[in-house]
Amino acid sequence: MADKNTQPAAWTDADNGVAVWANQADLAEVLRDILGISYDVRLCQTRPVVHQGNTVFLCVLEAPAVALCQAICNGTELRSALEDIRADIAAALACWRTARDRVVLVDVAMLRQEPESFLKHFNIDADDETLNRLRGAIPSAPDAVCQSLSRDRLQFDADLAVLAGEFSAAVLPFAAADPDMALQLFLDGQHDAEERSLLRAQQHSMYEQMDALYRGKLHLEAQLEQVHMERQKLADKQPLLAKALRDCEKNLKQEKENRATAEHLAEIWEQENHGLRAEVHKLYNSRSFRLMAPLRFARRILRGNR
């Protein structure tokens, strides 16, 4: 156990030990083992509640925006994720309001940035093995785009936004003890603000592009609807056109048959005409026709006299 003269002031009289609660089970277990080197540590299996006594509570949570990103990435439904985050932050803040001298709130983001300062704050030797084990238990931070979108989403939840602000003000500022680290955190904040501004500009540009794409989609849908209407008109005309085509084919077939019949009759008539011409020619050249020529001539003369 650590010497009470070297322990944090709030933990000096923690005769009933230290209760550790984190909404990540792996991180809670690692913190129990590391802090157990100097303190009598136990894990809270449920959300912390301050009772009478002098038990010290260490509550380690992600900021609401980061927790929302992680929940969504893990496939949690949005409404359920918001309810869980609200319940976790509210429980931790309720303990902190009840006994500020015995409740320490730690933001995992600060623990992620400065694990050495965290261990130093609680008088734990920051050797490589301890640091590597602590870093390995801390979940990686979501990307900046996801965090920015989560912060924007939290603005629509007034209660949770208030809890997020109060949590940010109540967390243990162990990294601020180092002036250089405080300056670095300030510069990181400035960089994050510039990055958020750039992301918002990109988001606005994306919204404009999405709006243009949506208008293009509506235009294409209108054109597609017009094409469907024209297609329907053609489909409605198709039976009439098919009937007209069949009638034309039928008439053409009848015309072909009539033409064939006419050609056949013409051929027959030509053959008969040729036969008659041959008979006439034969009659004119016959001997009897020539012998009767004077009589025919006389008859014409007599008729002419009459």
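Refer to the preceding data block for the structure.
Parameters at a glance
- Residues numbered from 1 in each chain as written.
- Predicted model: local features only at pLDDT ≥ 70, side-chain atom pairs only at ≥ 80, totals over all residues.
- Heavy atoms only, no water.
- Helix = DSSP H or I, 4+ residues; strand = E, 2+ residues; numbered from the N terminus.
- Buried < 20%, exposed > 50% of the residue type's maximum accessible area, 1.4 Å probe, protein only.
- Contact = heavy atoms within 4.5 Å.
- Axes fitted to C-alpha atoms, helices over the stretch in contact; angles between N-to-C directions.
- Parallel < 35°, antiparallel > 145°, perpendicular 65-115°, else oblique.
- Left-handed = near helix turned anticlockwise from the far one by under 90°.
- Nonpolar A, V, L, I, M, F, W, Y, C, P; charged D, E, K, R; others polar.
- Lys, Arg positive; Asp, Glu negative; His and termini not counted.
- Salt bridge = Lys/Arg side-chain N within 4 Å of Asp/Glu carboxyl O.
- Arc of directions from axis to C-beta.
- 1 Å grid on protein atoms, 1.4 Å probe; cavity = no way out; pocket = protein on both sides within 12 Å on 5 of 7 lines; lining within 4 Å.
- Points joined across faces, edges and corners; volume = space filled by probe spheres on them.
- Pairing = 2+ DSSP bridges.
- Phe/Tyr/Trp six-rings, centres within 6.5 Å; stacked < 30°, edge-to-face > 60°.
- Lys NZ or Arg CZ within 6 Å of the ring centre and 35° of its normal.

Novice: I tried to follow the overall build of the chain on my own but got confused; where do I start?
Specialist: When you go through the chain residue by residue, the secondary structure sums to 11 helices and four strands. By residue count, 31% of the 306 residues in the chain fall in the buried class. Of the contacts formed within the chain by residues at least 6 apart in sequence, a portion of 76% connects residues at least 24 apart.

Novice: Just to check I follow, could you spell out the packing of helix H2 (residues 64-73) against helix H7 (residues 144-154) for this structure?
Specialist: Packed helix pairs are specified by the crossing angle of their axes together with the interaxial distance, meaning the distance between the axes. Running from amino to carboxyl end, H2 crosses H7 at an angle of 115°, the nearest separation of the two axes being 8 Å. With respect to H7, the element H2 is oriented roughly perpendicular. As for how H2 packs across H7, the hand of that crossing is right-handed. Along the contact surface, H2 presents Pro-64, Ala-65, Val-66, Leu-68 and Cys-69, while H7 presents Cys-146, Gln-147, Ser-150, Arg-151, Arg-153 and Leu-154. Considered class by class, the residues forming the contact of H2 with H7 number seven nonpolar, two polar and two charged.

Novice: Looking at this structure, I do not really get the side chain of Asp-107. What am I missing?
Specialist: As for its placement among the helices and strands, Asp-107 is situated in strand S4 (residues 103-107). Although Asp-107 lies buried, it forms no salt bridge, and the closest oppositely charged side chain, Arg-112, sits 6.2 Å away as judged by the N-O distance. When residues no more than four places from it in sequence are discounted, the contact partners of Asp-107 are Leu-61, Glu-62, Ala-63, Phe-167 and Val-171.

Novice: Explain helix H1 (residues 25-35) here, please?
Specialist: Because each turn of an α-helix spans 3.6 residues, side chains separated by three or four positions end up pointing in the same direction. Those residues of H1 that sit buried are Leu-27, Ala-28, Val-30, Leu-31, Ile-34 and Leu-35. Buried residues of H1, viewed axially, fall in a sector of 165°; they line one side. Within H1, the exposed residues directed more than 90 degrees away from the buried face are Ala-25 and Asp-26. Tucked inside the fold, the buried residues of H1 contact strand S1 (18-22), strand S2 (41-43), strand S3 (56-61), helix H4 (108-113), helix H5 (115-121) and helix H6 (128-137).

Novice: Please clarify how the layout of surface pockets should be interpreted in this entry.
Specialist: A water-sized probe, rolled over the atoms, reveals where empty space remains. Here the second largest pocket defines a volume of roughly 340 Å³. Breaking the lining of the second largest pocket down by element, the ones donating at least two residues are H2 and helix H3 (78-98).

Novice: So what exactly am I meant to see when it comes to the sheet that holds S4 here?
Specialist: In a beta sheet, neighbouring strands pair by backbone hydrogen bonds and run either parallel or antiparallel. With parallel pairing, four strands are arranged side by side in an open sheet as S2-S1-S3-S4. Two strands bound the open sheet, and with one partner strand each, they are S2 and S4. Averaged over all pairs of adjacent strands, the angle between strand axes in this sheet comes to 25°, irrespective of strand direction. The pairing of S3 with S4 spans five bridges and is parallel. Looking at the pairing, Phe-57 lines up with Val-103 of S4.

Novice: Got a minute to help me understand the pairing of S1 in this structure?
Specialist: When a strand is regular, its side chains alternate between the sheet's two faces. Taken across its five residues, S1 has five buried, putting it largely inside the fold. Neither face of S1 is left uncovered, since the one carrying Val-18, Val-20 and Ala-22 and the one carrying Ala-19 and Trp-21 both have all their residues buried. Alignment of S1 against S2, held across three bridges, turns out to be parallel. Its bridge partner being in S2, Ala-19 is matched across the sheet by Arg-42. Pairing of S1 with S3, which is carried by five bridges, proceeds in the parallel orientation. Its bridge partner lying in S3, Ala-22 is registered against Val-60.

Novice: What is the right way to read unusual backbone geometry from this model?
Specialist: In most cases, non-glycine residues show a negative phi, while peptide bonds are predominantly trans. Phi at Asn-123 is positive, roughly 60°, even though this residue is not glycine. Among the structural elements, Asn-123 can be located in the loop between H5 and H6. Accessibility expressed as a relative area gives 34% for Asn-123, which makes it partly exposed.

Novice: Can you walk me through the packing of aromatic side chains in this structure?
Specialist: To describe a pair of aromatic rings, one takes the distance between the centres and the angle between the planes. Tallied over the entire structure, the rule returns two aromatic pairs. Aromatic pair Phe-118 and Phe-122: ring centres 5.0 Å apart, planes at 65°, arrangement edge-to-face. Positioned above the aromatic ring of Trp-96, the side-chain terminus of Arg-100 is 4.0 Å from the ring centre.

Novice: Any chance you could explain the pattern of salt bridges here in plain terms?
Specialist: For side chains of opposite charge, pairing can occur when their charged atoms come near one another. Evaluation of the coordinates by the stated rule reveals 12 salt bridges. Here Asp-157 ties to Arg-86 by a salt bridge, and the two come within 2.3 Å at their closest N and O atoms. Remark: Arg-86 occurs in helix H3 and Asp-157 occurs in the loop between H7 and helix H8 (158-170); sequence separation between them is 71 residues. Using a relative accessible area of 12% as the deciding quantity, one classes Asp-157 as buried. For Arg-135, the salt bridge goes to Glu-116, with nearest N and O atoms at 2.8 Å. With Arg-135 in helix H6 and Glu-116 in helix H5, this pair connects stretches of sequence that are 19 residues apart. Arg-135 sits in the partly exposed class, given a relative accessible area of 39%.

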